[in-house]
Amino acid sequence: MSELPLIMEDFVSWRLLLLLCLLQWDQCAGQRVVQIQDGPLYRVEGFPISISCSVSGFKGPDEQDFEFGVRKKNVEFNIISTKEPDFAFAKFSNRVKQKDIEIVRLTGSSAKLRIRNVAMNDAGQIFCHTPSTDTILHGLYEAETTLNVVPDTLKAIYSGSPSQSMSEGDPLQLECQVYSETFQHTHLSVTWYVHSGEDEDPRPIITLDRDLTVKPGGGFEDRYHAGLISMDKVEDATYRLKMPQVQQSDQGKFYCYVVQWIQDPDRNWTEIAHKTSTACNVEIKPIVATDVGSFSVYMKASKGPQQDGDALDIRCSVKAQNLPGYFYSVTWMKNEKNVAQIGSSGMLTVFDSYKDRENAAEMRAVKTSLTDYMLTIHSARTEDQGQYQCEVWQESMNEDGTFKRVQKQLSNPETVSITTKESDLAVVMMMKDAVTEGDALQVTCSVSGFKGSLSVSWQHKKDSVDSFSDVTSLTHEGVMKDTGTRYQSRHVQTLHSPAGNFTLEIGEAGLSDSGEYRCLVSEWTIQSNGEMKKTHTQSQQSKVTVRSVESLMKVTLKSRKTTVPIDSPVELLCIVVGPDVSLAVRWMFRSLNSTAQKNILTIHNAGEITWLTDQRNYQLSVQAQLSSTMFILIMPRASKQQEGQYQCQVDAYQRGRQKAMKNSNLLAVTIQKPDSKLRLSTLKSRQETTANTDAKIECSILNTTTNSSRFTITWMIGFQMLLNMDLNAVVKYGPAAGVEMDQRIRMTVRQKHTFQLTVHQTRTTDSGQYLCEVEEWLQDPLGDWYSLKKLSASTELAVKEKASDFRMNKADTELNVKEGEPLTLNCSVDGTGSESTLRYSLTWFFTQDQSASVTLLTYFYDGRLIYSSYDPELAGRLHFFSPAVGIFQLTIHRAIQTDRGRYHCQAQQYQVDCKGHWLAKASDKSGYTNVGVQLIESNLHVQKENQTLNITDLQAGFTTDCVIASQSSDKSVFEVTWFKAEEGGTHVIFTAKHDGTLRSALHDKSLVFGRPDATHYKLTVPQIDPTDKGKYYCQVEEWLHTDNAWKKLASDRSGVLSVHVHTQGDPEKQSADPLGVTMGITIPLICFLVLVIILLLRREHKRNCELKKKKDCLWAENNPLSPAPGDNSCADNHS
């Protein structure tokens, strides 16, 4: 009755398991499945291989991508992909480029990996992966198979002479030795070929296929069926080709071609290697008939089917021209072997085994007439059936009475069948369909309907394509003999009962004993001469499977509860189902934070136990049942150390030999921590104190999970640790304490769960956010401490200086400067704060529009000055100066528009203490300076007086002046360009750039540039011609260098100089004389006025200190300009 609850519980568990399986099956419907060719696959080094892969159940495009790779010792190597050309790793990339490795797409959802010459290091776990095209990941995206590469041991050796010469009709026999030393079960197919000079391709003569079937080649079928071509397998390695009568068309090179086959797990046969032997060159000479007359031979056997014991007559008839002039020798042959012969002299010769039958008067051969010869077998046997043929030689008699062969003829072959007379002999085979590896295998043949003695032979073949091989035999005398080679060292015995039951027993059956067994039972009778004769034979065959212990063994690991609280019991059940064998069990464990398994204990097959870990943490129990054995591992008080994945490994032993090893599934065990009840007190959000006093902060635990809980306490300031107290109450200082502060901070434990932090002699630098972090720890059953929960509480500590008269000047000021000019900002300390015994640190801030303030620079009390990386260009224009203690100035050179905004400074006062340390006493902020940067107004003006110049002396030349009357800024520079306007349009003739470079636009004219002073530019055309007439003027651009860039301020244009060029005899010149007189008066007056203006400008120039510093080496009057290399636009002369 006590077993009933367990039965009900198992029943409910099985129903739940069935429901889960159904749900899982429903989930799997419609998911992606990748399938690869079943393994393991065995292939031969140096030969091609192909491995197919397909995918189904996918979503997305019909054409899927495939990726093949190989795994070796948990390392993956990419081989080839349909998607990525550079997918292959280095060790395969060259072979992929050379097409030794390629991927062949069969359909959109299938492909195959093809390697033309497989190498030994290609072996491994070949995997096929299909990149996802599904909307969600669901199913199997990869499959793998095992590829084993074995050395090439196949050999095909022709053992005869390299050439043979014979006549037409002579017999030909060739042999080929075939060897293979692979450990895998393979089959061979052997084909004999002949290649004559007239054949484009070799012709197959005959093939012994891998299933031992014989197939004649094309064109040889008739001769094969007539028995004139055959191939025999002699012993294990020799394949013999026999051609009793060669023909003229058979001439050529003979060789054998061997193919090695293996049956893959999918039951398909695959070619894995092939070899070709050396060739034998066979020369066949035609028979030249002499003019002695022709003859023919005919053979006739008894009509109708013959039965065992009937008389068999075989008649040979010779028909010839000029028959009396020749003698004939007649030979009867069966299956190309001689039976009897009547020579030309009439003498009878009986061959081999037929001699005894001729002596026993069972057969005779006689010449019944001049042309007829008769062979008679009085009591035919079944072994007399076969193909009969008559061979007749035409002979002539020599003078000495001997005979000389002239020519030969063969009759057509004729097949004789002899059947056994009906018998009541019956055989029934009795055996189990399957036996377990290591058990005895019995094959029983039950015989009925027999009258005489019986003999039995047992035969076995492993596969359907194999041929039967002998196991052992029991003669009609009851003697066991002819035991097969592979059974001679094994325990094989036969049992015989008078009722007719014959039993073969093979002790300790192995996997190779699987297959088909056949028993041949023969009945023997006593002949009249007292000898035993086999009369009838019956056989039966049946299949048996020897199942390995490993295939019958199943190992499952499970537990009623896999998630338990800490300190609770856990039971793991390792259930072994299988045959009755000795078992060894190894328990293994892998923790969550480890990748390596470690052994817990081992139960050896002899029963002893080896503990590989602390035995106190585990208990063991074993329960043996009818069909299974249960090994139970018990953890009485589970700890976090025992959380992880468990597995049991079972080894099966038979008679002390290991037969199988099976691993169970992995089972994860989770050990849960108890829920924490930790609760802390709430600290004040802010605590204030005065410098040089003691500050105390208390952190209290209000509630704990258990009375045995321990705690670690960590005090933080900001994000840095001040100190930490571990489980053993050892206090360690953190980086935030420093060398100086760790002498001023202490932590004490008040009462039981109140932790107080004291900061002695506080300073303003001690201000900040203080955090108390409490972590609760419990001790597990194995003595290890584990963390349960972590809580924290925080407060802000504000340390203020004592009242001080330190104060910054807080007056707001306005400051406006022009663009490009420097601006100076002032910041000072008011009152007594400026005495020389104090020092200050200062930081300048800048605010523009509504954006946040940015730091410009920081000056430290020890003299260090650090510029901000906010604007590197601005930092280059800053100049800081402190003319006295408490007075600070900041100058920004070359003001630009982005400098406008609000400026202020933040100062901190330091005073030295008794130990010589500078301590911060107070800090304050100044007022704001609002800075405005005014744009420069354009004030550029160029003299605009128009002039007219008549030139008669072409050698005199002329000068056009460009005088700047006023400018926008005294720091600006100018760029002057001269233009010439004529009937064809206006164009540039010369430019003086603002950076000092000169450029002429006239390639065939020499120009002279001059600059008498900073605002006076002139351009001289030294030698003129009539083409120089036109209107000349200059264009002036004013530039200012600000913000590390050039800015164009204004542009203005001069008056026009009209130039007229007159040559001798020019009517225009004569008509212009009155104008010339006028110009003679006006020009000197204009020159006087220009001179006055130039003198005034030069006086203004002298007052400009910065323009005096400019280098004047760029200007040189009356010196012609030299053309720049590669630039034809430069002036010829430079002044």
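These numbers were taken from a predicted model, which means no experiment stands behind them.

Caption draft 1: How the structure looks around the overall build of the chain. Helix and strand counts for the chain come out as ten helices and 85 strands. Out of the 1135 residues belonging to the chain, those deemed buried represent 41%. If you sum the accessible surface of the chain, you get close to 61800 Å²; carbon and sulfur atoms cover 49% of it.

Caption draft 2: Quick peek at the sheet that holds strand β28 (residues 372–377). Taken together, the four strands give an open sheet; going across it, the order is β21-β23-β28-β27, and neighbouring strands pair in antiparallel fashion. Only two strands of the sheet have a single partner each, and these edge strands are β21 (295–301) and β27 (363–367). Direction aside, the axes of adjacent strands within the sheet are offset by 10 degrees on average. As defined by bridge partners, β27 adjoins β28 across five bridges and the pair is classed as antiparallel. Its bridge partner being in β28, Lys-367 is matched across the sheet by Tyr-373.

Caption draft 3: Region of interest: the state of the cysteines. In total, this model carries eight disulfides according to the counting rule given. Covalent S-S linkage joins Cys-176 and Cys-256, the inter-sulfur distance amounting to 2.0 Å. Remark: Cys-256 occurs in strand β18 (residues 252–263) and Cys-176 occurs in strand β12 (residues 172–179); sequence separation between them is 80 residues. Grouping residues by exposure puts Cys-176 and Cys-256 together as buried. Bridging Cys-962 to Cys-1034, the disulfide has an S-S length of 2.0 Å. Taking the sign of the S-S torsion, about 80 degrees here, the bridge from Cys-962 to Cys-1034 comes out right-handed. On the criterion of sequence distance, the pair formed by Cys-962 in strand β77 (residues 958–966) and Cys-1034 in strand β83 (residues 1030–1042) is long-range, its members being 72 residues apart. Its relative accessible area of 0% is what places Cys-962 among the buried residues.

Caption draft 4: The pattern of salt bridges, seen in detail. Going through the model one piece at a time under the given rule, you end up with 47 salt bridges. The partner of Arg-744 in a salt bridge is Asp-766, and the shortest N-O contact between them spans 2.9 Å. Of this pair, Arg-744 sits in the loop between α6 (738–741) and β60 (745–750) while Asp-766 sits in the loop between β61 (754–759) and β62 (768–779), placing them 22 residues apart in sequence. Asp-766 shares its class with Arg-744; the two are buried.

Caption draft 5: Molecular detail of the side chain of His-460. Note on placement: His-460 falls in strand β36 (residues 453–461). In this structure His-460 comes out as buried when scored by relative accessible area, which is 3%. Here Asp-513 takes part through its backbone oxygen, which lies 3.5 Å from a polar atom of the side chain of His-460. Only 2.9 Å separates the side chain of His-460 from the backbone oxygen of Ser-514, close enough to count as a polar contact. Once you skip the residues sitting within four places of it in the chain, His-460 turns out to touch Ser-467, Phe-468, Ser-469, Val-471, Arg-486, Tyr-487, Ser-512, Asp-513, Ser-514, Gly-515, Glu-516 and Tyr-517.

Caption draft 6: Molecular detail of the packing of aromatic side chains. With the rule as written, the count across this model stands at 19 aromatic pairs. Note on Tyr-193 and Tyr-257: the rings are 6.2 Å apart at their centroids and 85 degrees apart in plane angle, and the pair reads as edge-to-face. Of this pair, Tyr-193 sits in strand β13 (residues 186–195) while Tyr-257 sits in strand β18, and the two are 64 residues apart along the sequence. Here the aromatic rings of Tyr-861 and Trp-918 are separated by 6.2 Å at their centres, their planes lie at 40 degrees, and the arrangement is tilted. Remark: Trp-918 occurs in strand β73 (residues 918–925) and Tyr-861 occurs in the loop between β68 (854–859) and β69 (865–867); sequence separation between them is 57 residues. According to the relative accessible area criterion, Tyr-861 is partly exposed, its value standing at 25%. By relative accessible area, which is 24% here, Trp-918 ends up partly exposed. One aromatic cluster is present, formed by Tyr-840, Tyr-859, Phe-880 and Phe-888 through successive ring pairs. When the ring centre of Trp-261 is taken as origin, the NZ or CZ atom of Arg-210, which lies over that ring, is 4.6 Å away. Between Lys-319 and the ring centre of Tyr-298, over which it is positioned, the NZ or CZ distance is 5.4 Å.

Caption draft 7: View of the confidence of the model for the chain. Put simply, the chain has an average pLDDT of 84, and 89% of its residues get 70 or more. For residues 1067–1077, every residue scores under 50 in pLDDT, and the model assigns this stretch six contacts once sequence neighbours within four places are set aside. Note on residues 1105–1135: pLDDT under 50 across the span, and 66 contacts to partners over four residues away in sequence or across chains.

Caption draft 8: Molecular detail of empty space enclosed by the protein. Across all of its chains, the model carries two cavities of 30 Å³ or more by this definition. Volume-wise, the largest cavity comes out at about 50 Å³. Along its surface, the largest cavity is lined by Ala-226, Gly-227, Leu-228, Met-333, Lys-334, Asn-335, Glu-336, Gln-387, Tyr-388, Gln-389 and Pro-413. Only β24 (327–334) and β29 (386–397) provide two or more residues apiece to the lining of the largest cavity. The leading source of residues in the lining of the largest cavity is β29, at three residues. Its residues assigned to classes, the lining of the largest cavity shows five nonpolar, four polar and two charged. Per-class residue counts for the lining of the second largest cavity are five nonpolar, one polar and one charged.

How each quantity is defined
- All chains use their own residue numbering, which begins from 1 and follows the written sequence.
- Since the coordinates come from a predicted model, pLDDT governs what is reported: local features require at least 70, and pairs of side-chain atoms require 80 or more to be given and counted, while whole-chain, interface and lining totals use all residues.
- Side-chain metrics in this entry use all non-hydrogen atoms of the structure; hydrogen atoms and water are not considered.
- Helix and strand assignments follow DSSP, with helices taken as H or I runs no shorter than four residues and strands as E runs no shorter than two, numbered in order from the N terminus.
- Throughout, exposure labels follow a simple rule: accessible area from a 1.4 Å probe, protein chains only, divided by the maximum for the residue type, with under 20% read as buried, over 50% as exposed, and the rest as partly exposed.
- Working definition of accessibility: Shrake-Rupley area with a 1.4 Å probe, residue cover restricted to the visible protein chains.
- Two strands qualify as a pair provided that DSSP identifies no fewer than 2 bridges between them.
- Where helices are involved, their axes are fitted lines through C-alpha atoms of the stretch in contact, as for all axes, and angles between N-to-C directions lie from 0 to 180°.
- Disulfides are defined as cysteine sulfur pairs within 2.5 Å.
- Here a salt bridge means any side-chain nitrogen of Lys or Arg lying within 4 Å of a carboxyl oxygen belonging to Asp or Glu.
- Polar contact is defined as a pair of N or O atoms within 3.5 Å, subject to the rule that within protein one atom must be able to donate a hydrogen and the other to accept it, and that residues adjacent in sequence are counted only when both atoms are side-chain atoms.
- It only takes one pair of heavy atoms within 4.5 Å for two residues to be counted as in contact.
- Side-chain rings of Phe, Tyr and Trp (the six-membered ring for Trp) are treated as a pair once their centres are within 6.5 Å; stacked means planes under 30 degrees apart, edge-to-face means over 60, and tilted covers the remaining angles.
- Only lysine NZ and arginine CZ atoms are considered, and such an atom sits over a ring when it is within 6 Å of the ring centre and within 35 degrees of the ring normal.
- Scored from 0 to 100, pLDDT records how confident the predictor is in each individual residue.
- In the cavity and pocket records, a cavity denotes points on a 1 Å grid over the protein atoms alone where a 1.4 Å probe fits but cannot get out, a pocket denotes an open set with protein on both sides within 12 Å along at least 5 of 7 lines, and lining residues are residues with an atom within 4 Å of a point.
- Grid points are joined across faces, edges and corners, and a volume is the space filled by probe spheres set on the points.
- Gly falls in the polar group here, along with every residue not listed as nonpolar (Ala, Val, Leu, Ile, Met, Phe, Trp, Tyr, Cys, Pro) or charged (Asp, Glu, Lys, Arg).

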